[in-house]
Amino acid sequence: MEFVNPEGLRLDGRRPLEMRQLRAQIGAVAKADGSAVFEMGNTKVIAAVYGPREVQNRSQQINDQALVRCEYSMANFSTGDRRRKPKGDRRSTEISLVIRQTMEACILTHLMPRSQIDIYVQVLQADGGTRSACINAATLALADAGIPMRDLVTSCSAGFLNTTPLLDLNYVEDSAGGPDVTVGILPKLDKVTLLQMDAKLPIDTFENVMQLAVEGCKAIANYIREVLLENTKQLEYRRGL
Amino acid sequence: MLHSKTFNKKTRGGRIQKLVREVYLRDDIYCGALFCKSCEDKSKARLTATASTILVLDTNVVLNQIDLLENPAIEDVVLLSVVLQEVKNKNSSVYGRIRNLIDSPARRFVVFSNEFHRHTYVQTMAGESPNDRNDRAIRVAARWYQSHLGEAVKVLLITNDRENNRKATEEGVSAETIESYVKSLGQPALLDLLVQPASEDVIMEEVEDMRPSKRKVVYPEHKPMSEITSGLTKGIYHQGKLRVNRYNPFEAYVGSESIGDEIIIYGRGNMNRAFDGDVVAVKLLPQDQWNEEKSLSIVDEEDEEEDVHLVPGSADDAPRTSIPAPSSTSDTNPASSRPSGCVVGIIKRNWHSYCGSLEPMPMPAGRGGLVYALFVSKDRRIPKIRIQTRQLENLLDKRIIVAVDSWDRQSRHPSGHYVRSIGEIGDRDTETELVLIENDIDARPFSAQVLACLPPLPWSVSSTDLNKSKRVDLRHLCVFSVDPPGCTDIDDALHCAMLPTGNFEVGVHIADVTNFVHPGTPLDDEASKRGTSVYLVERRIDMLPKPLTEDICSLRADVERLAFSVIWEMTPEAEIISTKYTKSIIKSSAALSYVEAQARMDDSRLVDPLTKDLRNMNALAKIMRQRRIQRGALTLASAEVKFQIDTETHDPLDIGMYQIREANQMVEEFMLAANVSVAEKILKEFPECSLLRRHPTPTKEMLGPLLRTAAAVGLNLDVTSSKALADSLDRAVGDDPYFNKLIRIMATRCMTQAVYFCSGELSPPEFLHYGLAAPLYTHFTSPIRRYADVIVHRLLAASIGIYKLPTIFQDRPQLTSIADNLNYRHRNAQMASRGSVELHTLIYFRNRPTDTEARIVKMRSNGFIVFVPKFGIEGPVYLTMRGDKGGGEWFVDEQQQNIRKMDGSVSYSILQAVKIHLEVSEPKPNRPKLQLTLL
């Protein structure tokens, strides 16, 4: 199948190096300590953060750092066909783990010993790149909750179809079976915290694709920073400062 | 820059599902006009200001009139992405051709992505069909163009859809049909390129008025697709690809998997408008109608006759002869004949364009008027095609290309349209081009992208090549090459050194083409597409560009070259002790011709090291050859001929049989050994994705003609195995010195050709190469002229661990498709070579009527087919006058394979030598043919 036509346009009219439209909203769940909705095109994810709070299960308590827990789920209505999304299946367990590890790498856990931070992410609408969208939403929610972090973590995916590196794959491109590289970075520190790919790719192409995904992450980081700044300004305004 | 819009789409994947896709509408899509002031990006702009009209094409115009669009008279065309998408879904070959037009820098075709442009995107309205929506999108885009470019140019929507045309005019877009536009151009020749609308259209009435006599139905109806599918599942119909007999266009075969046999289809009526290569549905005829064979007659219904042609090289080229009709004594066994059937429907057409010429016809009174002419394809399998033309006087003496459009039940011939003319009939360049076109050979010069992949010239071995640990320095060895005289693409060289132990070190060094042709580059793609170099009598069409073929890769004498070497240690008894594969650097000390090499070996006064090496190798080769023959390899003979060409006029001066010397056999032996060794190595490392070559064991049925001939001359051939056949061929020595060779030539043409295949597709017993009696075989030794060898080089390099295996080898379907393409190209290259030789034979005999000796090889009811050994040609000799069929004067005895006069005065039997006269005659003007007559 042709994913990039000879005119250089993808199936949805983007060019290979273009991202989908980003949208973000902070404070979607009033009860949570921090929450956010993050959209990449038609992929829409909600994240809520509770904590730092007392560890519920004492046996899991860590004495020198905070316990980070993460739960990923997909809403039953998130895809077109109404299938029940089992909670504890392999895929969501894996994504939960990936998100937890990525977030743990940036949270300053040693500042909050014997406490627990819960991150809940749910996919409201799925159209490819849910993993990246979840990480971006979680970052925003953590920032909203005021949890100390080394840096923002942002994530973006890139693929390689029709011998062209493509940024931010949507569902059609994602299910083409080509390689899909998901990268998570700490943009200020310029460090990679997440790198996933379950396909074979020659090393030189892989470097190009990964570089592209990193560029995407940086663009998302800029956007997230703007959203946070805007949010802070709003808060200032409300407090009458 | 990004505008996001979503739209809903319903698709059916078993059940109805709602899909949501984003569409990003852009404002950076440019109109592609060079004179446009508002569009910034001109890199893809082609439309010129000189043109007063800009054409926007509707889908049906692109689909039907692609031949017209390819004509340079049609320029300044805008192709909308919605049109391209529809064309792609409906006909991929037309899509490929329109894409070529867009890519060609000489043409002014631009693509406008209207579906992603902010102003031209249209949303489906409630109740609107996709077709209507697309038509509306085309109109909206045309209107946008007009308003975007202003009044300076006229934007013309070309559509043959009446509804669309009407709506466009209503909306203020100027629209025309393709016919009226072409007429307005004032070039009558262009009108010939127009495809006439399909017969169910309105124009049908006119046709009926004009030619009332033709209104009767000639062919039975094709069944509707739904009926065919249900018939196929019920087993009433059988699906398969129709293959028309190359030598008798009224006989066709459909290989059907459902009955596991070929179904024979006799006559155009039963073929029911199917063309060669069409996928058809066939119904079996009742068994009592299975014996309608008339294949024993030379002349058939429409007075088409067999031509003189080259001797077939294998069963694939040879005329298909069915099992003979049971003679009167064995009438009781009708079940032995094969099933025959008739076509009830065509599942997939294989129509493309065909080359040939118009049937001679009297010139109509008025000049330039519209006339119907019959086109006769050079490929005899294609029926005559009726075309409309306004330039008959120009086309009559030309070779032309014609495309088929339709074939309705009322007409005896399919109708088509003229595409282009190649040149004068009989002109050598025209006829050579025809041979190339017929065999789908791309003889165009290499593109700039391909040439950009070449290393800079002049090229020489650099220190980086030397330093690599991957390459062994073998420059100290005395390497030499032996090739035909005048060979410039030397891809193999040899060396032979005596070891202190008394054993020999023998090396085969093959040009290291893969060092320059890297996978995935345009150069590699082009080579893979061409598949092989094509050798015509007077020219060669290279697979790789000339600098590689003749210089960088060619292992010429006294220059350092990169090579891929297979080095054996052999005992003096030619037993292989060890085999080593390595990339190397060699410096050939001599590029010998076969004659020179032979002369050196024969001249006992010469004792220089090179000659000694030659003699040692020859001794080893003889042992290896002997051993191979003992294993059952067949020594088959071919009737290859060699032309001597005048260097000035390129006309053939002389023809002679190709002479084979010991030196040829010596080189051949080592090449075979290298191929076998490499095949073993790559198969061991990559059992799933190696490219090998196999030669299927001929079936009993294929050997039938050989056995019958042999029986008629009292020879008993044992064909149970290749070994048995080889032995009985050796024993077949008559009192006549040429007898043995004749039998071998006849055996050769009973065999099918060897084919490339991917090792993962078949089971190991099927890997057998019957002719060479080798369980494994591949092609390694000619990478300059065969792409298969390039692939094998890559496999071998990966198997010895010096390079990674390219990713393509992980994709078995793709590897199989490469192998299929190689087989196709290989076969076409052979057909082209034969065509070229046939052409030159004709030119040669044009002014040289000759008397010569010939052998009878096949009996016909009114004559026999003779083989002329001296010139390697085969053709019919008639005993009766043409037209009176058989006449009853002559009697053919199938059992004895002879033909007698009824009164018993004269009799000819198979393999008998006869004196014949060869002469070129022109029974119809401009259609020269070689005629054989008995002296």
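What you are looking at is a predicted structure, and each value in this text was computed from that prediction instead of being measured.

Some points on the overall build of chain B
Counting its secondary structure elements, chain B contains 25 helices and 38 strands. Scored against the burial criterion, the 935 residues of chain B give a buried share of 39%. Of the contacts made within chain B by residues no fewer than 6 positions apart, 68% connect residues no fewer than 24 positions apart.

Here we look at the UniProt feature "domain: Exoribonuclease phosphorolytic" (unreviewed entry) in chain A
Here, UniProt's "domain: Exoribonuclease phosphorolytic" (unreviewed entry) annotation points to residues 18-148 and 151-216 of chain A. As a span, residues 151-216 of chain A carries 27% helix and 38% strand, and end to end its C-alpha atoms are 17 Å apart.

Observations concerning the interface of chain B and chain A
Residue-level contacts link 18 residues of chain B with 14 residues of chain A. Listed by contribution, the elements that provide at least two residues to the side of chain B that touches chain A are β1 (3-13) and β2 (15-25) of chain B. With 9 residues, β2 of chain B is the single largest residue contributor to the side of chain B that touches chain A.

Notes on the UniProt feature "domain: PIN" (unreviewed entry) in chain B
When the UniProt feature table is mapped onto this chain, "domain: PIN" (unreviewed entry) is found at residues 53-166 of chain B. Between the C-alpha atoms that bound residues 53-166 of chain B the distance is 20 Å, and the span itself is 50% helix and 16% strand.

Examining the sheet that holds strand β6 (residues 154-161) of chain A
All names here are of chain A. An order of β7-β6-β8-β9 is seen for the 4 strands of this open sheet, with the pairing classed as antiparallel. The open sheet is flanked by β7 (164-167) and β9 (191-196), the only strands paired with a single partner. For this sheet, the mean angle separating the axes of adjacent strands, direction not counted, is 25°. Looking at chain direction, β6 and strand β8 (residues 180-186) are connected through 6 bridges and run antiparallel. Along β8, the bridge assignment pairs C156 with V183.

Describing the confidence of the model for chain B
Residues and elements named next belong to chain B. Looking at chain B, pLDDT values average 80 and 86% of them are 70 or higher. Ranking the elements of chain B by mean pLDDT puts helix α9 (residues 204-210) last with 42 and strand β22 (residues 504-511) first with 92. Contacts for the low-pLDDT stretch residues 199-214, under 50 throughout, to residues beyond four places or in other chains number 8 contacts. Under the prediction, the complex receives an ipTM of 0.91, its pTM being 0.71.

Describing the nonpolar core
Membership of the largest hydrophobic core comes to 217 residues, with the highest contact counts inside it found for V56, V78, L79 and V866 of chain B. A per-element tally of this core places helix α25 (residues 812-846) of chain B first, with 13 residues. In this structure, L79 of chain B is in contact with L57, L84, I98, I102, F109 and V111 of chain B, ignoring residues within four places of it in sequence. In this structure, A66, V123, A133 and A138 of chain A belong to the second largest nonpolar core, which totals 62 residues.

Looking at unusual backbone geometry
For residues that are not glycine, phi is negative in most cases, and the peptide bond is trans in most cases. Cis geometry is adopted by the peptide bond preceding P52 of chain A, which originates at G51 of chain A and carries an omega value of 0°. The topology assignment puts P52 of chain A in strand β3 (residues 43-54). The phi dihedral of N272 of chain B falls on the positive side, at around 45°, and the residue is not glycine. In this structure, N272 of chain B sits in the loop between α11 (267-271) and β11 (279-284).

Some thoughts on the packing of helix α18 (residues 594-602) of chain B against helix α19 (residues 609-631) of chain B
All names here are of chain B. Remark: α18 packs on α19, axes separated minimally by 9 Å, with the N-to-C direction vectors making an angle of 95°. Put simply, α18 runs roughly perpendicular to α19. Packed against α18, whose contacting residues are A597, R600 and M601, the element α19 presents T611, L614, R615 and N618 at the interface. For the contact of α18 with α19, the residue count by class is 3 nonpolar, 2 polar and 2 charged.

Quick notes on helix α21 (residues 700-712) of chain B
Residues and elements named next belong to chain B. With 13 residues, α21 should cover 18 Å at 1.5 Å per step; its first-to-last C-alpha distance of 18 Å lies within 8% of that length. Approximately 35° is the largest bend angle found in α21, and it occurs at L706. Those residues of α21 that sit buried are L706, T709 and A710. Structurally, α21 contributes buried residues whose contacts are with α23 (739-748).

Structural notes on the environment of G235 of chain B
Residue and element names in this part refer to chain B. Here G235 is to be found in the loop between α10 (225-234) and β8 (237-245). Of the residues examined, G235 has 9 C-beta atoms within 10 Å and is grouped as exposed. Each C-alpha atom of the pair G235 and I259 lies 9.3 Å from the other, and the pair is 24 residues apart in sequence.

Looking at the environment of V62 of chain B
Residue and element names in this part refer to chain B. Assignment of secondary structure puts V62 in helix α1 (residues 59-64). The buried category is assigned to V62, around which 25 C-beta atoms lie within 10 Å. C-alpha separation for the pair V62 and I158, spaced 96 residues apart in sequence, amounts to 9.8 Å. Setting aside anything within four residues of it in sequence, one finds V62 in contact with L57, L69, V83, V87, V94 and I98.

Some details on the sheet that holds β3 of chain A
Residue and element names in this part refer to chain A. The strand order across the open sheet built from 5 strands is β1-β2-β3-β5-β4, with neighbouring strands paired in mixed fashion. Whereas interior strands pair on both sides, the edge strands pair on one side only; in this sheet they are β1 (22-26) and β4 (67-74). Neighbour to neighbour, the strand axes of the sheet diverge by 15° on average, direction disregarded. Pairing geometry for strand β2 (residues 34-40) and β3, over 7 bridges, is antiparallel. Bridging from a neighbouring strand, G34 pairs with V49 of β3.

Brief notes about the pairing of strand β21 (residues 492-498) of chain B
All names here are of chain B. In terms of burial, β21 is largely enclosed, as 5 of its 7 residues are buried. With 7 bridges joining them, β21 and β22 adopt antiparallel strand pairing. Looking at β22, one finds that M498 is bridged to F504. Adjacent in sequence and paired antiparallel, β21 and β22 are bridged by 5 residues, among which G502 carries a positive phi angle near 95°.

What to know about the environment of L742 of chain B
Residues and elements named next belong to chain B. Position of L742 among the secondary structure elements: in helix α23. In this structure the C-alpha to C-alpha distance between L742 and D76, which are 666 residues apart in sequence, comes to 62 Å. Not counting residues up to four positions away in its chain, the partners in contact with L742 are R855 and L911.

A closer look at the pairing of β6 of chain A
Residues and elements named next belong to chain A. Burial runs high along β6: 8 of the 8 residues are buried. Neither face of β6 is open: one carries T154, C156, A158 and F160, the other S155, S157, G159 and L161, and all of them are buried. In textbook terms, the turn of a hairpin is the stretch between consecutive antiparallel strands, and for β6 and β7 this stretch comprises 2 residues, one of which, N162, has a positive phi near 50°.

Conventions and cut-offs
- Residues numbered from 1 in each chain as written.
- Chains lettered and ligands numbered in written order.
- Predicted model: local features only at pLDDT ≥ 70, side-chain atom pairs only at ≥ 80, totals over all residues.
- Helix = DSSP H or I, 4+ residues; strand = E, 2+ residues; numbered from the N terminus.
- Buried ≥ 20, exposed ≤ 12 C-beta atoms within 10 Å, placed from the backbone.
- Contact = placed C-beta atoms within 7 Å.
- UniProt positions renumbered as here; feature names shortened; annotations may be inferred.
- Pairing = 2+ DSSP bridges.
- Axes fitted to C-alpha atoms, helices over the stretch in contact; angles between N-to-C directions.
- pLDDT = per-residue confidence, 0-100.
- Core = buried A, V, L, I, M, F, W, Y, C linked by C-beta atoms within 7 Å.
- Parallel < 35°, antiparallel > 145°, perpendicular 65-115°, else oblique.
- Nonpolar A, V, L, I, M, F, W, Y, C, P; charged D, E, K, R; others polar.
- Expected span 1.5 Å × (residues − 1).
- Bend = angle between axes of the 7 residues up to and from the residue.

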